[in-house]
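Chain residues, written in single-letter form:
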Amino acid sequence: MMDWVDFTAKTVDDAITDALIKLETTSDNVEVEVIEKESNGILGLFAKPAKIRVRVKNDVKQIARNFLEKLLKAMNVEANIEIDYDELEGVMQIDLSGDDMGVLIGKRGQTLDSLQVLTSTVVNKHYKDSYLKVKLDTENYRERRRETLENLAKNLAFKVKRTKKQVVLEPMNPYERRIIHSALQYDKFVETHSEGEEPYRKVVITLKKNYKTHNNRTNSHYKSYNNQNKTNKTVNTVVD
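Residues numbered from 1 in each chain as written. Predicted model: local features only at pLDDT ≥ 70, side-chain atom pairs only at ≥ 80, totals over all residues. Heavy atoms only, no water.

Caption draft 1: Representation of the overall build of the protein. Counting secondary structure elements, the protein contains 7 helices and 9 strands. Out of the 240 residues belonging to the protein, those deemed buried represent 29%. Within the protein, contacts between residues separated by at least 24 positions form 58% of all contacts whose residues are at least 6 apart in sequence. Accessible surface for the protein amounts to roughly 16200 Å². Of this, 50% is attributable to carbon and sulfur atoms. (Helix = DSSP H or I, 4+ residues; strand = E, 2+ residues; numbered from the N terminus. Buried < 20%, exposed > 50% of the residue type's maximum accessible area, 1.4 Å probe, protein only. Contact = heavy atoms within 4.5 Å. Areas by Shrake-Rupley, 256 points an atom, 1.4 Å probe, with all protein chains shown as cover.)

Structure (C-alpha cells):
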C-alpha cells in the first residue's frame, strides 16, 4: 500500500481535487482522511484551510494497466491487456494481444523483457507489502521460446558428444540461461556452466569427465572384440 500524502487547500473538495491531479488517479482509487475541515472564521478573519491525507489503494492491476496503456500509446501500438493477479502467490501475469505484437517482442524477446522489467519496477514501487513478480507475455512467446531453447540445448549436447569439443552459446539473459541449464541437468555425459559478465554472459556446454572414460572403455572393448574376431577367423582358416 502506498504511503499517506498530506494535502491542504481552501476546501476539502479542493484538496481532494489537488490530490487526484498530483497522484494521477481517480476518486474511486484512493482513500481519504480529513484531518481538519475548512473554517471560514468570523467575518472572513481567522479562516483556516482544509487538511486531508490521501493514499492510493493497493490496486496493482490498475497501476500496471495504466502504465502499459500510456507506454503502448507512446509506442503507437494498439493492444489488449489482460491481467491475472494471484495475490496469494504474489504473481501478476500480463498478456498482450493485437495485430502487431512482433514490435513488442523484439529481437530474441529483448523488447518484451524490457517491458516486463519496466512494468515490474512501476508496480513494485507502489506494492509495499513484499515483492510482486510480474510476468509479461504476448502470443505465447515465452513458451515457444522455451521449447526452442530446450531443443537447441539437446542438439548442441549431441554435437558436443560427437565432436568432443565444447560449444559456447550466444549471450542470453538469466531466464534463458536457466532454461539451457535445466534442459541438460540430467544428461549423463555433458554439463553446463555460464561465463562472462552481464549482459554478455553465455552458457558453455562441455563433456563430463566420465564420458571420456566411458568412451575410452567402449573403444577399448570394441578394439578387443575386433581383434578377437580376427584371431578366430585366422584359426578357422588354418583348421579348414
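Caption draft 2: Here's a closer look at the sheet that holds strand 5 (residues 91-97). Read from one edge of the open sheet, 3 strands run 4-5-6, paired in mixed fashion. This sheet does not close on itself; its edge strands, each paired only once, are strand 4 (80-86) and strand 6 (133-138). Between one strand axis and the next, the sheet turns by 15 degrees as a mean value, whatever way the strands run. Along the sheet face, helix 4 (residues 110-126) touches strand 5 and strand 6 and points at about 145 degrees away from the line of strand 6. (Pairing = 2+ DSSP bridges. Axes fitted to C-alpha atoms, helices over the stretch in contact; angles between N-to-C directions.)

Caption draft 3: Focus on the pattern of salt bridges. Summed over all chains, the structure comprises 10 salt bridges. The residue Glu31 makes a salt bridge to Arg55 at a minimum N-O spacing of 3.3 Å. Taken together, the residues span a long stretch of sequence, with Glu31 in strand 2 (residues 30-36) and Arg55 in strand 3 (residues 50-56) at a distance of 24 residues. Using a relative accessible area of 26% as the deciding quantity, one classes Glu31 as partly exposed. Note that Glu170 is salt-bridged to Arg108, the shortest N-O span being 2.9 Å. Of the two residues, Glu170 is situated in the loop between strand 7 (167-168) and helix 6 (174-184) and Arg108 in the loop between helix 3 (102-105) and helix 4; the sequence distance between them amounts to 62 residues. (Salt bridge = Lys/Arg side-chain N within 4 Å of Asp/Glu carboxyl O.)

Caption draft 4: Structural detail: the environment of Val122. The topology assignment puts Val122 in helix 4. Separated by 62 residues in the primary sequence, Val122 and Val60 have C-alpha atoms spaced 9.4 Å apart.

Caption draft 5: Spotlight on the sheet that holds strand 2. The strand order across the open sheet formed by 3 strands is 1-3-2, and the pairing between neighbours is antiparallel. Where the open sheet ends on each side, the last strands, each with one partner, are strand 1 (5-9) and strand 2. Neighbour-to-neighbour, the strand axes of the sheet open up by a mean angle of 30 degrees, direction not taken into account. Of the pairings in the sheet, the one linking strand 1 to strand 3 comprises 5 bridges and is antiparallel in character. Its bridge partner lying in strand 3, Thr8 is registered against Lys51. With respect to the sheet, helix 1 (residues 12-23) is in contact with strand 1, strand 2 and strand 3, its orientation differing from that of strand 1 by roughly 130 degrees.

Function cannot be inferred from these measures alone, as they are strictly geometric.
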